[in-house]
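Okay, here's what each chain looks like letter by letter:
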Number of protein chains: 2
Amino acid sequence: MLKLIIAYDGTHYFGWQKTKAGPSIQEELEKAIWQITRERALPEAASRTDRGVHAEGQVVQFRLTQEWDPQKIKGGLNAVLPKDIRVKAAARQNFHPTLDAIGKEYRYQICLGEAQDPTRRLYSWHCRYPLDGDPIREAASRLVGTHDFTAFANEREKDPICTLQSIEWNGQFFRIQGNRFLYKMVRNLVGTLVYVGCGKIGIESVGEILASKDRKRAGVTAPAHGLYLHQVFYPLK
Amino acid sequence: MLKLIIAYDGTHYFGWQKTKAGPSIQEELEKAIWQITRERALPEAASRTDRGVHAEGQVVQFRLTQEWDPQKIKGGLNAVLPKDIRVKAAARQNFHPTLDAIGKEYRYQICLGEAQDPTRRLYSWHCRYPLDGDPIREAASRLVGTHDFTAFANEREKDPICTLQSIEWNGQFFRIQGNRFLYKMVRNLVGTLVYVGCGKIGIESVGEILASKDRKRAGVTAPAHGLYLHQVFYPLK
């Protein structure tokens, strides 16, 4: 079984998962694996990132019938993959990419200022108005912990209970660590915190929104292109 | 007379200057000025950046026959310009964008590591091997000052004497300030310093290269997509 750490620029992809709608990371990887090994393998990822979302540390697993040197797989894949998908590391390891994961870190980039930085337009959310850091951090502290995050999910989910270990805002990007995330949850958290930062939502409301379990109460869903899957955590063996 | 500070992502342009070969920043700006003012104006820039080069602080000048509020010009231009060109500031000012400039700062972004960061592939030069900072800084100090930079120019120039105030390397990007620059000079300086950083050119050779006035002695021309025109300096009035 092979494990890859990959990074990608999600701009031109319809997300991780293979779809008839357009190109996907999974399909590019499947094609590249075939090109270098002549084996059919379906790579599985730790996180099924949405259309337009980027990754710095996506974890991928797949099986080959022959024994391959992971370093040769890495070099071979980087030679044939499009430049917007890169293999950062490869190793032989038995694990399940989703079931074994104990947590993930997402980052969400914000571009402040009246005019958007043109070289960051595909990699950050442009917020035209200044964001007040203290209310954002205060609101974030009320979201950290174990809660029912239904109000921040764009789909009904069987188990809406998640634990957020931390939400940090450093004036440039959000850093969000949690054990698991509901559909579009990170983008809904960021949209809500940005609304807090520009005074559209009061700090006090954040607890009420969480308790309401009502998606309509929370802020906007932040756009996909500011979001990065930064890292996936697995237990030490 | 109007002065603009503009930023652009040079990826999709054939450089600042209007050309029949393809889209240019100058032409996009000319079209946008026409759209909002119905006046024909040919904008002139402080630096005619090459194809693929980016700008964070390009300075542009143009004349309109009617009196326009600079803030309305800025807002109007940002409404009609493509998203990869942004007007950061606009003011009424009488000046000549090139003749009055007393200096410029360029920055050159490097992406280190075996696998390139995919979201930076259009905005930095990928150097696969580690760069040793001390030799780079020592070599840079020998290039600072007033010299004949013919060895670092891709075209013969009438006046090859330039003064570099500083070349800084912080491990992520080069910061180069000078009173003027010859054709492709910044990219040739960076190519040479990167060669010094990975041991392909010795520190001692840098002075010899400069003295030789021979372009073939210096390092490779670093690619356009790592280069940013950061700022143009004018005397205080």
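Here is what the cut-offs are and how they apply
Residues numbered from 1 in each chain as written. Chains lettered and ligands numbered in written order. Predicted model: local features only at pLDDT ≥ 70, side-chain atom pairs only at ≥ 80, totals over all residues. Heavy atoms only, no water. Domains from an automatic or database assignment. Contact = heavy atoms within 4.5 Å. Buried area = accessible area lost by both parts, 1.4 Å probe. Core = buried A, V, L, I, M, F, W, Y, C linked by side-chain atoms within 4.5 Å. Buried < 20%, exposed > 50% of the residue type's maximum accessible area, 1.4 Å probe, protein only. Helix = DSSP H or I, 4+ residues; strand = E, 2+ residues; numbered from the N terminus. Polar contact = N/O pair within 3.5 Å; in protein donor to acceptor, adjacent residues only side chain to side chain. Pairing = 2+ DSSP bridges. Least-squares fit on C-alpha atoms with pLDDT ≥ 70 in both. Salt bridge = Lys/Arg side-chain N within 4 Å of Asp/Glu carboxyl O. pLDDT = per-residue confidence, 0-100. Axes fitted to C-alpha atoms, helices over the stretch in contact; angles between N-to-C directions. Parallel < 35°, antiparallel > 145°, perpendicular 65-115°, else oblique. Left-handed = near helix turned anticlockwise from the far one by under 90°. Nonpolar A, V, L, I, M, F, W, Y, C, P; charged D, E, K, R; others polar. Phe/Tyr/Trp six-rings, centres within 6.5 Å; stacked < 30°, edge-to-face > 60°. Lys NZ or Arg CZ within 6 Å of the ring centre and 35° of its normal.

Focus on the domain arrangement of chain A
Residues and elements named next belong to chain A.
1) Next: Looking at chain A, the domain boundaries give domain 1 (2–92) and domain 2 (103–233).
2) Next: Look at where the C-alpha atoms of domain 1 and domain 2 centre, and you get two points 27 Å apart.
3) Next: Facing the 15 residues of domain 1 at the interface are 16 residues of domain 2.
4) Next: Summed over both partners, the interface of domain 1 with domain 2 buries about 1,200 Å², with 55% contributed by carbon and sulfur atoms.
5) Next: Contact with domain 2 buries surface across domain 1, with Asp 50, His 54 and Glu 56 losing the most and accounting together for 44% of the total.

Focus: the nonpolar core
1) Next: Ranked by internal contacts, the top residues of the largest apolar core, which has 67 residues, are A:Leu4, A:Ile110, A:Phe152, A:Phe174 and A:Val190.
2) Next: At seven residues, helix H4 (residues 185–197) of chain A tops the list of elements feeding residues into this core.
3) Next: When we break this core down by domain, the ones giving at least three residues each are domain 1 (2–92) and domain 2 (103–233) of chain A.
4) Next: Discounting chain neighbours no more than four positions away, the residues touching A:Val190 are A:Tyr108, A:Ile110, A:Trp125, A:Phe174, A:Ile176 and A:Ala222.
5) Next: Counting residues in each nonpolar core, the second largest holds 66 residues, with B:Leu81, B:Ala90, B:Val194 and B:Ala222 among its members.

Notes on the side chain of A:Arg107
Residue and element names in this part refer to chain A.
1) Next: Its place among the elements puts Arg 107 in strand S5 (residues 103–112).
2) Next: Within the structure, Arg 107 has its side chain in polar contact with the side chain of His 230 (distance 3.4 Å).
3) Next: With residues near it in sequence (within four places) discarded, Arg 107 still touches Glu 56, Phe 173, Phe 174, Arg 175, Gly 226, Leu 227, Tyr 228 and His 230.

What about helix H2 (residues 70–80) of chain B?
All names here are of chain B.
1) Next: Among all positions of H2, only Pro 70, Ile 73, Lys 74, Gly 76, Leu 77 and Asn 78 are buried.
2) Next: Buried residues belonging to H2 abut strand S1 (2–8), helix H1 (25–37), strand S3 (54–62) and strand S4 (85–92).
3) Next: Backbone nitrogen of Gln 71 and a side-chain oxygen of the N-cap are separated by 3.0 Å at the start of H2; the cap is Asp 69.

Observations concerning the pairing of S1(B)
Residue and element names in this part refer to chain B.
1) Next: Of all seven residues in S1, six are buried; the element is thus mostly enclosed.
2) Next: In this structure, S1 lies alongside S3, joined through six bridges in antiparallel fashion. In the sheet register, Ile 6 faces S3, and the bridge partner there is Gln 58.
3) Next: Both S1 and S4 contribute to a ladder of seven bridges, which runs antiparallel. The partner of Ile 6 across the bridge, within S4, is Val 87.

Re the relation of the copies chain B and chain A
1) Next: Superposing chain B onto chain A takes a rotation of 180° combined with a translation of 0.0 Å along the rotation axis, leaving an RMSD of 0.0 Å. Such a combination of turn and shift is consistent with a two-fold rotation axis. Scanning chain B for the C-alpha nearest the rotation axis identifies B:Arg120, at a separation of 4.9 Å.
2) Next: When you check the interface residues of chain B against chain A, 100% turn up at the interface there too, and the contact is symmetric in its surfaces.

A word on the interface of chain B and chain A
1) Next: At the interface, 21 residues of chain B touch 21 residues of chain A.
2) Next: Buried surface at the junction of chain B and chain A, summed over both partners, amounts to about 1,500 Å²; 63% is from carbon and sulfur atoms.
3) Next: Contact with chain A buries area across many residues of chain B, yet B:Pro118, B:Thr119 and B:Arg121 alone supply 34% of it, more than any other trio.
4) Next: Residue A:Asp9 pairs with B:Arg121 through a salt bridge whose shortest N-O separation is 2.7 Å.

Some details on the pairing of strand S5 (residues 103–112) of chain B
Side chains on a regular strand alternate between the two faces of the sheet.
Residues and elements named next belong to chain B.
1) Next: In terms of residue burial, S5 counts as a mostly covered element, since nine of its 10 residues are buried.
2) Next: Note: S5 against strand S10 (residues 227–233), six bridges, orientation antiparallel. Bridging across to S10, Lys 104 finds its partner in Val 232.
3) Next: Summarising the sheet, S5 and strand S6 (residues 125–127) pair through three bridges and their orientation is parallel. Looking across to S6, one finds that Cys 111 is bridged to His 126.

Description of the confidence of the model for chain A
1) Next: The share of residues in chain A with pLDDT of 70 or more is 100%, and the mean pLDDT across the chain is 96.
2) Next: Two summary scores accompany this predicted model of the complex, namely pTM at 0.91 and ipTM at 0.86.

Observations regarding unusual backbone geometry
1) Next: For A:Lys184, which is not glycine, the phi dihedral falls at a positive 65°.
2) Next: Along the chain, the position of A:Lys184 falls in the loop between strand S9 (173–178) and H4.
3) Next: Although it is not a glycine, B:Arg38 adopts a positive phi angle of roughly 55°.
4) Next: A relative accessible area of 54% places B:Arg38 in the exposed class.

Some points on the packing of helix H3 (residues 133–143) of chain B against helix H4 (residues 185–197) of chain B
Residue and element names in this part refer to chain B.
1) Next: Orientation of H3 relative to H4, taken along the N-to-C sense of each, is 140°, at an axis distance of 8 Å. Taken together, the axes of H3 and H4 are oblique relative to one another. In this structure, H3 meets H4 at a crossing whose hand is right-handed. Here H3 contributes Pro 135, Ile 136, Ala 139, Ala 140 and Leu 143 to the contact with H4, which in turn contributes Leu 189, Leu 193, Val 196 and Gly 197.
2) Next: A breakdown of the residues in the contact of H3 with H4 according to their chemical character gives eight nonpolar, one polar and no charged.

Regarding the environment of B:Gly57
Residue and element names in this part refer to chain B.
1) Next: Structurally, Gly 57 is set in strand S3.
2) Next: Under the relative-accessibility criterion, Gly 57 is labelled buried at 7%.
3) Next: For the pair Gly 57 and Arg 120, spaced 63 residues apart in sequence, the C-alpha separation works out to 20 Å.
4) Next: With near-sequence residues (within four places) excluded, Gly 57 lies in contact with Ile 5, Ile 6, Leu 229, His 230, Gln 231 and Val 232.

Examining the packing of aromatic side chains
1) Next: According to the stated counting rule, one finds 11 aromatic pairs over all chains in the structure shown.
2) Next: On the basis of an interplanar angle of 80° and a centroid distance of 6.2 Å, the ring pair of A:Tyr123 and B:Tyr123 is categorised as edge-to-face. Pair noted here: A:Tyr123 is in the loop between S5 and strand S6 (125–127) and B:Tyr123 is in the loop between S5 and S6, and the two residues belong to different chains.
3) Next: Directly above the aromatic system of A:Trp34 lies the positively charged group of A:Arg40, at a separation of 4.2 Å from the ring centroid.

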